[in-house]
Amino acid sequence: MIHRLIALFVVLISCQMLHAQITLDEYSREVLAYSHELRDRELATEGARSTELAAHKGYLPLFSLMREMNLDFRQPEVGRRWNWYMRLDVTQPIFRGGAVRAEAKQASFAYDMAEMEEESVQLFVLYTAEVAYWTLSRRESDLKAMTDYTNIVSSLRNVVRERYNEGYISKSDLLQVESRLMDAEYQLSQAVQRRDVALHDFNILRGAEPTSEVLLAESILDSRVMPVRASLEDVLSLHPDYATSHLATEHAWWGIRATRARYLPQIEVGTFGLMQPPQPHVKGGGTRLDGGILVSFSTPIFHFGERRHAVSAARSDYLRSVVAKDDVRDRVTLDESNGWTNLTLSYRRMLTADESLAIARENLEISTYSYTEGLTTILDVLQAQLSWLQIYTNAITAQYDYAVAVAAYEYITCRQLEVSN
């Protein structure tokens, strides 16, 4: 019976550990859901959408109601001192120099730009989440490497102490191993600290307690397929920064139209209804209703060249947006080229480091066995251990660099958006 309970307990613990595992996609979604920066951009997009809807209302009639009451301090010869009236106006713009259309277009482009900026922030949040995930995986791998190294040195210390007690070696060998073990424990403590800091960063990004333990379902040591290079046309078609720069040029072009419209004729028509007491205002006089139709026309004549300078300033903004668009294109092209170079070279380093690690591991085994058999010195064993640790660390670094390079290239080419869809 007791054996069945133990087996059941082990199964429950295993299930709980599997349930606690978190994949990269799950973590990325948690970070997206918690991100304050992304929420800020979402609110900005909502505000831009409201501004766009408000701008399109300029095509529609305007209903306005005004009520006024006045009091005359002098007593009139006939009637009361106070008077009032209420007026309802309905006005419809006929021509405003294209200002309504230009402002509506600008608001539409501003909304599209806000959406692109939100998408850009979403991409950055996904990239940040992936880097945090792989950083924690790296620190856990570093911790395991230092733990293995400490155990290897500790095991060697036990062998050396036994041989010293039997009188086969001098105390110098024992002291060297003891010193190396103390150094290994010191480095192990540093590895624990770096892993804890990475865990805190990992949890803060998703809104969890900093010290909450997690079990990563994926590791930088897992094998990954080399991504296929994206074409520049595909990158530019998907990149939100380039789309934003294109929308900015359209926004600035309609800004020229909106500026010019302020100096063109303005025509409005409308109707009004007026309710007021008859004049003079006497008690029991009742109220009367009046109404009429309004036609308004106005146009600026001369203001010492203000129109020319204002339009010139708006045109300069448009030309600057064109230059900025070309700059964004060059930057995206450069980022893609550098990202692909970093990706391919880090992949080669990863393969080389893996091959070197196998050699270093075999060399360590041979050196340890040879020392046990009295065929080599303690310095050779310690050097083999250091070489193994250095190559092991290089292999972990190469795996991490490759994982981050993949994340960076996906960020540059906007492939990370597939995670959030």
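Scroll up a little and you will see the structure.
So, how was this worked out
- Residues numbered from 1 in each chain as written.
- Predicted model: local features only at pLDDT ≥ 70, side-chain atom pairs only at ≥ 80, totals over all residues.
- Heavy atoms only, no water.
- Pairing = 2+ DSSP bridges.
- Helix = DSSP H or I, 4+ residues; strand = E, 2+ residues; numbered from the N terminus.
- Axes fitted to C-alpha atoms, helices over the stretch in contact; angles between N-to-C directions.
- Phe/Tyr/Trp six-rings, centres within 6.5 Å; stacked < 30°, edge-to-face > 60°.
- Buried < 20%, exposed > 50% of the residue type's maximum accessible area, 1.4 Å probe, protein only.
- Lys NZ or Arg CZ within 6 Å of the ring centre and 35° of its normal.
- Polar contact = N/O pair within 3.5 Å; in protein donor to acceptor, adjacent residues only side chain to side chain.
- Contact = heavy atoms within 4.5 Å.
- Core = buried A, V, L, I, M, F, W, Y, C linked by side-chain atoms within 4.5 Å.

Chemist: In this structure, what is going on with the sheet that holds strand E6 (residues 288–298)? I would like to understand it.
Modeler: Hydrogen bonds between backbone groups are what pair the strands of a sheet, and the pairing can be parallel or antiparallel. Taken in spatial order, the four strands make up an open sheet running E2-E3-E5-E6, and their pairing is antiparallel. Edge positions in the sheet fall to strand E2 (62–71) and E6, since each has one partner strand and no second. Going across the sheet, the axis of each strand differs from the next one's by a mean of 20°, ignoring polarity. With nine bridges connecting them, strand E3 (residues 82–95) and strand E5 (residues 266–276) associate as antiparallel partners. Bridge assignment links Pro93 to a residue of E5, and that residue is Glu268.

Chemist: Explanation requested: the packing of aromatic side chains in the structure shown.
Modeler: Applying the stated rule across the entire model yields 11 aromatic pairs. Consider the rings of Trp253 and Trp254, whose centres lie 5.1 Å apart with planes at 90°: the pair is edge-to-face. Look at Trp253 and you get partly exposed, because its relative accessible area is 36%. When its relative accessible area of 7% is taken as the criterion, Trp254 is described as buried. Connected via pairs of aromatic rings, a cluster forms that spans Tyr27, Tyr133, Trp134 and Phe202. Just above the ring of Tyr111 sits the side chain of Arg49; from NZ or CZ to the centre is 5.4 Å. The ring of Trp84 carries the charged tip of Arg67 above its face, separated from the ring centre by 5.3 Å.

Chemist: Is there a simple way to think about the side chain of Thr150 in this case?
Modeler: Within the element layout of this structure, Thr150 appears in helix H4 (residues 99–165). Taking relative accessible area as the criterion, Thr150 reaches 9% and is therefore assigned buried. Within the local environment of Thr150, its side chain forms a polar contact with the backbone oxygen of Met146, the two atoms lying 2.7 Å apart. Apart from residues no more than four positions distant in its own chain, Thr150 is found in contact with Leu181, Ala184, Glu185 and Leu188.

Chemist: Help me understand the pairing of E5 in this model?
Modeler: Pairing between E5 and E6: 11 bridges, direction antiparallel. When the bridges of E6 are listed, Glu268 appears paired with Ser296.

Chemist: Help me understand the nonpolar core in this model?
Modeler: One finds Tyr27, Leu156, Val160, Phe202 and Trp388 to be the most contacted residues of the largest nonpolar core, which totals 68 residues. Among the elements of the structure, helix H2 (24–34), H4, helix H5 (171–205), helix H6 (232–238), helix H8 (306–372) and helix H9 (378–412) are those that each provide at least two residues to this core. The element best represented in this core is H9, accounting for 20 residues. Discounting chain neighbours no more than four positions away, the residues touching Tyr27 are Ile22, Ala129, Ala132, Tyr133, Asp201, Phe202, Leu205 and Arg206. Core analysis: the second largest hydrophobic core is formed by seven residues, Phe109, Met113, Met116 and Ala258 among them.

Chemist: Quick question: what am I supposed to make of unusual backbone geometry here?
Modeler: Glycine aside, the phi torsion of most residues is negative, and most peptide linkages are trans. Located in the positive-phi region is Phe304, a residue other than glycine, with phi close to 60°. Taking the relative accessible area as the measure of exposure, Phe304 reaches 69% and is therefore exposed.

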